[in-house]
Every structure is written in C-alpha cells, then in structure tokens.
Amino acid sequence: TDAVGFCRGARSCFTVLHYVNGDLADKDFELMEEPLESDAEAVSALVRQYYAARGAWPRFILVPECMDSEDLEALAELFSKDAGRRVRVEIPQRGDRRRLLDTAAANAREESERAATAAQKQLKTLEWLQRTLELPSTPERIEAFDISNLGSEGIVAAMTVFVRGRPLKRDYRKFRIRGLEAPDDYESMRQAVERRFKRAQDGDEKFAALPDLLLIDGGAAHAAAAEGVLRELGLALPVFGMVKDERHRTRALETPEGREIGISGNPAVFALIGT
C-alpha cells in the first residue's frame, strides 16, 4: 500500500509513503514551487509522473481528498493496465488506511514547513551579503571561479554556481586553460572569466543566466583581473576576491581595490561561501 500526501505552499511537497503489512518501508518526497493548477490537478499529474518513472505499482494507492472520483477511476484503469493486474486508487474515509493517508498528509506538511524555514534562513544570509557587500540587489545567483593545476591534465578553471543559496550543479562548468607555457593564475582567471561571459554574449543558452555576484579565488588582485575582463566586455557585475585561510577555507571577501570584509564571524555566510 502506498499513501500519497500533498501540501501547498511557498515550497510545496508531494510525498509517497510505502507500507508493507502496515509498517512504513520507504518514503519518497519532492519539493517544488507552488503549482499554478488546483490541488486536484497537481496531485493527479504528480501521481501519474511518479508511477510512470517508478515502474512499480502496489495493490492500493491512497490519495488525498482533493481528487475527484472520475480521476480516481482513470488512474486506477491506467495503473492496472500498466501493472498487468488490478490496482485500486482510493480515498479512504476511516480505519487503518485512513490513518496511513493522514500520516502521508502530515509528512508532506512537515517537509514543506522544513523547506520553507530553510529557504527563509538562506534568504537572510543573502540579504546579509547584499547589505555588507553593498550590492544593488539580493545575490540570488552567485558564481565562483577557482583555478587548479592538475599536472598532466594542465590548468583548469572551475565555475561553481549557487542559486538562492543552494548549489546548482547542472550549471557548473570547467574551462581548460589554453596557450600558457607556465602557470599564471591571473591570466588563467582572465581567460576563464572572458570565455564564460563571451559565451553569454554570443547567445549560448547554457551561459545565458548572469550572476548577481561573482566570487574569484585569490583575493583582490585576482578580483581586479576578473573585473578588468568584465569592463572590456561592457559588463558591470559585482566582483569580490575570496581570501583563504591555512585550511583553504574562505575567511574573508576582498574588493578589487583591496578592502577586506570578514565572513568567518557569520556562520551562515561562512557555511555558504567559506567551505
């Protein structure tokens, strides 16, 4: 038996609890932005997508009361056909199955509230950065550049991306540095930053989103090199260097002009940028 829960909010949550002989065996959940459609339409679409991707169907799927009887029948028919046996989709009103459904609803609500609280903390962290760094807007998208010498693989610049304080790994990029006969961190950084933003100006959709804040490993001189590239490309973006401690953690940010702003005293900011 599976029980489906759904909670609408700033961070909506779709939950599926898997029960075997009345005991919770597994749990899946997905957090998302608040859906535009009604609860019934959202849950119906999520349930269809979930089981299509999973490819396994229990005998009973318990769903929230927001769904209508016609949709229940359509889902039961679809899942029974896919499973090759009868699958029942129900809204239980009482008894043990109702208890399972209520538990799924409570679980979805808890995950939604937890995610909303985490999002609020991240927003406060970003607002602190905006105030402290005197940025024109909240830095929803932050890009950070780091140079590494990988020996036989040569010099590589890594670009990491954070959106609303969370890593967006699908936007991470690596740039293999070309044309240097010897390691040169400043020229490597210039080349990586130029290639990244030139790709955006050339219409490459993978580089279309521009950052609200650019962080450059290496301090003021490296930040100045990056700022110079942006100026040559006609771009004006906030740029700060990342000053590392002996454990290679960012202890401070530095303007291209050399003004240092400590972050180690703010645990949330240090957790975002320092590590």
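Visitor: In this structure, what is going on with the sheet that holds strand β2 (residues 11-20)? I would like to understand it.
Guide: Strand pairing in a sheet is mediated by backbone hydrogen bonds. Such pairs are either parallel or antiparallel. Read from one edge to the other, the open sheet built from five strands follows the order β3-β2-β1-β4-β5, with strand pairing classed as mixed. Two strands in the sheet have a free side with no partner beyond their single neighbour: β3 (23-33) and β5 (88-90). Strand-to-strand, the axes of this sheet are offset by a mean angle of 15°, without reference to chain direction. Pairing of strand β4 (residues 60-62) with β5 involves three bridges; the strand directions are parallel. Bridging from a neighbouring strand, Leu62 pairs with Glu90 of β5. Along the sheet, helix α1 (residues 39-54) contacts β1 (2-7), β2, β3 and β4; its crossing angle with β1, the most-contacted strand, is approximately 135°.

Visitor: Where do I start with the packing of aromatic side chains in this structure?
Guide: We describe a pair of aromatic rings using the distance from one ring centre to the other and the angle between the two ring planes. Inspection of every chain in the model, using the stated rule, returns five aromatic pairs. A centroid spacing of 6.3 Å and a plane angle of 20° characterise the contact between Phe145 and Phe175, whose relative ring orientation is stacked. On the criterion of sequence distance, the pair formed by Phe145 in strand β6 (residues 141-149) and Phe175 in strand β9 (residues 173-176) is long-range, its members being 30 residues apart. Here Phe145 matches Phe175 in class, with each residue buried. Summarising the aromatic geometry, the rings of Phe175 and Phe207 are spaced 6.1 Å apart at their centres and angled 45° between planes, so their arrangement reads as tilted.

Visitor: Whenever I open this one, the nonpolar core confuses me. Can you help?
Guide: Note on soluble globular proteins: their nonpolar side chains tend to be buried together. Membership of the largest hydrophobic core comes to 30 residues, with the highest contact counts inside it found for Phe14 and Phe79. Of all the secondary-structure elements, those providing two or more residues to this core are β1, β2, α1, β4, α2 (69-83) and α3 (95-133). A total of six residues in this core trace back to one element, the largest contributor, which is α1. Apart from residues lying up to four places away in sequence, Phe14 is in contact with Val4, Gly5, Phe6, Asp28, Phe29, Glu30, Met32, Leu46, Val47 and Tyr50. Grouped together as the second largest cluster of nonpolar side chains are 24 residues, Phe145, Phe207, Ile216 and Ala223 included.

Visitor: Sorry, what's going on with the pairing of strand β7 (residues 155-163) here?
Guide: When a strand is regular, its side chains alternate between the sheet's two faces. Both β6 and β7 contribute to a ladder of nine bridges, which runs antiparallel. Counterpart to Ala144 in the pairing with β7 is Thr160. Here four bridges tie β7 to β9, and the two strands are oriented antiparallel to one another. Note that in β9 the partner of Ala158 across the bridge is Lys174. Where β7 and strand β8 (residues 166-167) come together, two bridges link them in antiparallel fashion. Paired with Phe162 across the strands is Pro167, a residue of β8. Between β7 and β8, which pair antiparallel and follow one another directly, the connecting turn spans two residues, one of which, Arg164, has a positive phi of 55°.

Visitor: Just to check I follow, could you spell out the pattern of salt bridges for this structure?
Guide: Opposite charge on two side chains permits them to pair, given that their charged atoms come into close proximity. Here the structure, examined in full by the defined rule, presents 22 salt bridges. Here Arg48 ties to Asp71 by a salt bridge, and the two come within 3.4 Å at their closest N and O atoms. Of the two residues, Arg48 sits in helix α1 while Asp71 sits in helix α2, which places them 23 residues apart along the sequence. With relative accessibility at 33%, the residue Arg48 sits in the partly exposed group. Between Arg190 and Glu232 there is a salt bridge, with its nearest N and O atoms 3.4 Å apart.

Calculation rules
- Residues numbered from 1 in each chain as written.
- Predicted model: local features only at pLDDT ≥ 70, side-chain atom pairs only at ≥ 80, totals over all residues.
- Heavy atoms only, no water.
- Pairing = 2+ DSSP bridges.
- Helix = DSSP H or I, 4+ residues; strand = E, 2+ residues; numbered from the N terminus.
- Axes fitted to C-alpha atoms, helices over the stretch in contact; angles between N-to-C directions.
- Contact = heavy atoms within 4.5 Å.
- Phe/Tyr/Trp six-rings, centres within 6.5 Å; stacked < 30°, edge-to-face > 60°.
- Buried < 20%, exposed > 50% of the residue type's maximum accessible area, 1.4 Å probe, protein only.
- Core = buried A, V, L, I, M, F, W, Y, C linked by side-chain atoms within 4.5 Å.
- Salt bridge = Lys/Arg side-chain N within 4 Å of Asp/Glu carboxyl O.

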